[in-house]
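# Residue-level structure breakdown
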Amino acid sequence: MPTVGIIFEQFAAYHVDRCEAVAQRLAGQYRTLAVETATRSVTYAWEPSGGVAGADKLTLFPGRGFEEIGWPRRLLAAFGALRACRAVFVGLPYSRPDAIALTWWLRLTGVPTFVMTESKRDDAPRRAWFEWIKRQLLRSYAGALVGAGRQAAYMRELGFTDRPIVPGYDAVSIARVRRQAAAAAGGAWQERAFVYVGRFVAKKNLATLLRGYAGYAARAGTAARSLRLIGDGALRKDLEALARELGVADRVEWPGFLPAEGVSRALADALALCLVSTEEQWGLVVNEALALGLPVIVSSPVGSRDALVRDGVNGYVVEPDDAEGIAQAMFELSHEPARWERMSAQSHARAWLGDSERFADGVEQLLGQPSAEARDRLIRFGREMSAD
């Protein structure tokens, strides 16, 4: 049976979700080989991911940190694992030397590769000469599996004009999130809090979120909901100091990093998810929030808003420097239960767009053997991407 390979640097729950969806979809046609380079990394404090149901999982450097391994060793190990595949879906950052060398090496040996990316033009300033180099390096790929609209547009800029570009890359298992959340009580509406989930780094714009929250708390008075900042990072002490300065320290909770199950349970008890980053390729926690019917407050740079969020329908889209806009969105969600219920229902209705089954649809399409159902879903996804 031919093998389809999927490779990432390190697996978290949502990488497992995607690989399992593909394995189930392709069962009987292809063997699915799920490859992670290393067990841990400096960037992400994820727990070891365990097995992948229906697929053969291979960790190239078990028990090791990604940064501990030189790229030539990573390259040789990855090529050895993937060289016999019928096709390979590459989730390594395409700018890394080992990813560049791997995809060209596989191409030269007759193995087509597909880039999986959530990059978009507005993520960072772009220099014409560097974009030209990038276009040349990306010629090794036979197609692209992307997040949604802005990611697809950026890939076209990078030369994928005559190669297929399919949405569905940024996905999580709705069933897993709902199953993990089932143990949570789902607090009364009046007791639900605003929630952020992620790292405490500059691009997450948490200082502006705190300022927006302080404005909301001043407006709401004693009825103000709490704000739970789930995660950790180098900015934590600065953020705690800012909360004290703004007079909201007694309303801000700091649970630290939570495993996937803990995140699902925390979202189940939340009023809304807040993600107001200045740079955000996608934001998979938005998928998780919609799986549980949460309205969301996201900034315009958040990539997932293209498909998953409709301003005023299942949440609010704000500008990342607009603390007053954040405060207003919080206030409207927190004091009008009918509005919240309407938005919650709309989030439930849009959740399918972020499900790991969309990843499987995209893989089917790029392999050239999509079912009629997968084609229809991709058409619907495309309509949603261009509807905003």
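Before reading further, recall that the structure is shown in the block above.
Now for a quick tour of the structure. Predicted model only: the values in this text are computed from it and were never measured.

## A few points about the overall build of the protein
- Of the regular secondary structure elements, the protein holds 15 helices and 13 strands.
- Expected size for 388 residues packed as a compact globule is a radius of gyration near 21 Å; at 21 Å, the protein falls within 12% of this value.
- Taken over the C-alpha atoms alone, the protein extends approximately 65 × 45 × 45 Å along its principal axes.
- Burial statistics for the protein: of 388 residues in total, 56% are counted as buried.
- When the accessible surface of the protein is summed, it comes to about 15,800 Å², and 51% of that surface belongs to carbon and sulfur atoms.

## A look at the sheet that holds strand β12 (residues 296-299)
- Spatially, β10-β9-β8-β11-β12-β13 is the arrangement adopted by the six strands of the open sheet, whose pairing is parallel. Of all the strands in the sheet, the pair left with one neighbour each is β10 (252-256) and β13 (315-318). The mean inter-strand angle of the sheet, taken between neighbouring strand axes irrespective of direction, is 20°.
- Pairing of β12 with β13, which is carried by four bridges, proceeds in the parallel orientation. The residue of β13 that forms the bridge with S299 is V318.
- On top of the sheet, helix α7 (residues 206-220) reaches β8 (193-197), β9 (227-230), β10 and β11 (270-275); it is set at about 165° to β9, its chief contact.
- On the sheet, helix α12 (residues 323-335) packs against β8, β11, β12 and β13 and is oriented at approximately 175° with respect to β13.

## Comments concerning the layout of surface pockets
- In this structure, the second largest pocket spans a volume of roughly 210 Å³.
- Together, 14 residues line the second largest pocket, and D17, E20, S173, R176 and S356 are the ones closest to its centre.
- Looking at the lining of the second largest pocket, the element that brings in the most residues is helix α1 (residues 13-26), giving six residues.
- Across the lining of the second largest pocket, the residue classes break down as five nonpolar, three polar and six charged.

## Regarding empty space enclosed by the protein
- According to the stated counting rule, one finds one cavity of 30 Å³ or more in the structure shown.
- Empty space within the largest cavity amounts to approximately 40 Å³.
- Every residue along the wall of the largest cavity is listed here: I7, T37, R74, L75, A78, L92, D98 and L102.
- Elements represented by at least two residues in the lining of the largest cavity include exactly α2 (71-82) and α3 (97-108).
- With three residues, α2 is the single largest residue contributor to the lining of the largest cavity.
- Along the lines of polarity and charge, the residues of the lining of the largest cavity split into five nonpolar, one polar and two charged.

## Things to note about the sheet that holds strand β5 (residues 113-117)
- Spatial strand order, β3-β2-β1-β4-β5-β6-β7: seven strands in an open sheet with parallel pairing. Either end of the sheet is taken by a strand with one partner, and the two such strands are β3 (56-65) and β7 (165-167). Along the sheet, successive strands turn relative to each other by an average axial angle of 20°, direction set aside.
- Sheet analysis places strand β1 (residues 3-8) next to strand β4 (residues 87-90), joined by four bridges and oriented parallel. Across the sheet, I6 pairs through a bridge with F89, a residue of β4.

## A word on α12
- Given a rise of 1.5 Å per residue, 13 residues ought to cover 18 Å, and the 19 Å separating the end C-alpha atoms of α12 matches this to within 8%.
- Among all positions in α12, only G325, I326, A327, A329, M330, E332, L333 and S334 are buried.
- Buried residues in α12 make contact with β8, α7, β11, β12, β13 and α13 (337-350).

## Digging into the packing of aromatic side chains
- One pass over the full model with this rule turns up nine aromatic pairs.
- Ring plane angle 75° and centroid distance 5.9 Å describe the contact between F8 and F11, whose orientation is recorded as edge-to-face. Across the pair, F11 and F8 agree in class, each one buried.
- Ring centres of Y169 and F359 lie 6.4 Å apart, and the angle between their planes is 45°; this geometry places the pair in the tilted category. Residue Y169 is located in the loop between β7 and α6 (174-181), and its partner F359 is located in helix α14 (residues 356-367); the two are separated by 190 residues in the primary sequence.
- Assessed through its relative accessible area of 7%, Y169 is described here as buried.
- We note R127 situated over the ring of F130; from NZ or CZ to the ring centre the distance is 5.5 Å.

## Overview of the packing of α2 against α3
- With their axes 9 Å apart at the nearest point, α2 and α3 run at an angle of 30° to one another. For α2 against α3, the interelement crossing comes out right-handed. Mapping the contact onto sequence places W71, R74, L75, L76, A78, F79 and L82 in α2 and P97, D98, A101, L102, W105 and L106 in α3.
- A class-by-class count of the residues in the contact of α2 with α3 yields eleven nonpolar, no polar and two charged.

Definitions and cut-offs
- In every chain, residue numbers begin from 1 and rise along the written sequence.
- Per-residue local features are limited, in this predicted model, to residues with pLDDT of at least 70; the limit for side-chain atom pairs, both in listing and counting, is 80 or more; totals at the level of whole chains, interfaces and linings are taken over all residues.
- As a rule here, side-chain values come from all non-hydrogen atoms in the structure, and water together with hydrogens is ignored.
- Comment: elements are numbered from the N terminus, with helices defined as DSSP H or I runs of at least four residues and strands as E runs of at least two.
- We compute the radius of gyration over the C-alpha atoms and compare it with the globule rule, which gives 2.2 Å times the number of residues raised to the power 0.38.
- Whether a residue is buried, partly exposed or exposed follows from its accessible area with a 1.4 Å probe, protein chains only, as a fraction of its type maximum: under 20%, in between, or over 50%, in that order.
- The method behind every accessible area is Shrake-Rupley, applied with a 1.4 Å probe, and residues are considered shielded solely by the protein chains displayed.
- Two strands pair under a simple rule: DSSP has to find at least two bridges between them.
- In this description, a line fitted to the C-alpha atoms serves as the axis of each element, helices being fitted only across the stretch in contact, and the angle between N-to-C directions of two axes falls anywhere from 0 to 180 degrees.
- Here, two residues are considered to be in contact whenever any of their heavy atoms come within 4.5 Å of each other.
- Cavity means a closed set of points on a 1 Å grid over the protein atoms alone, one where a 1.4 Å probe fits but cannot get out, pocket means an open set with protein on both sides within 12 Å along at least 5 of 7 lines, and lining means a residue has an atom within 4 Å of a point.
- Grid points are joined across faces, edges and corners, and a volume is the space filled by probe spheres set on the points.
- Polar here means any residue outside two lists: the nonpolar Ala, Val, Leu, Ile, Met, Phe, Trp, Tyr, Cys and Pro, and the charged Asp, Glu, Lys and Arg; Gly therefore counts as polar.
- By this rule, a helix spans an expected 1.5 Å times one less than how many residues it contains.
- Pairing of aromatic side chains here covers Phe, Tyr and the six-membered ring of Trp, requires ring centres within 6.5 Å, and sorts the geometry by plane angle: under 30 degrees stacked, over 60 edge-to-face, intermediate tilted.
- Two thresholds decide whether a charge sits over a ring: the Lys NZ or Arg CZ must be within 6 Å of the ring centre and within 35 degrees of the ring normal.
- The hand of a helix crossing depends on one turn: near helix anticlockwise from the far one by less than a right angle means left-handed, and clockwise means right-handed.

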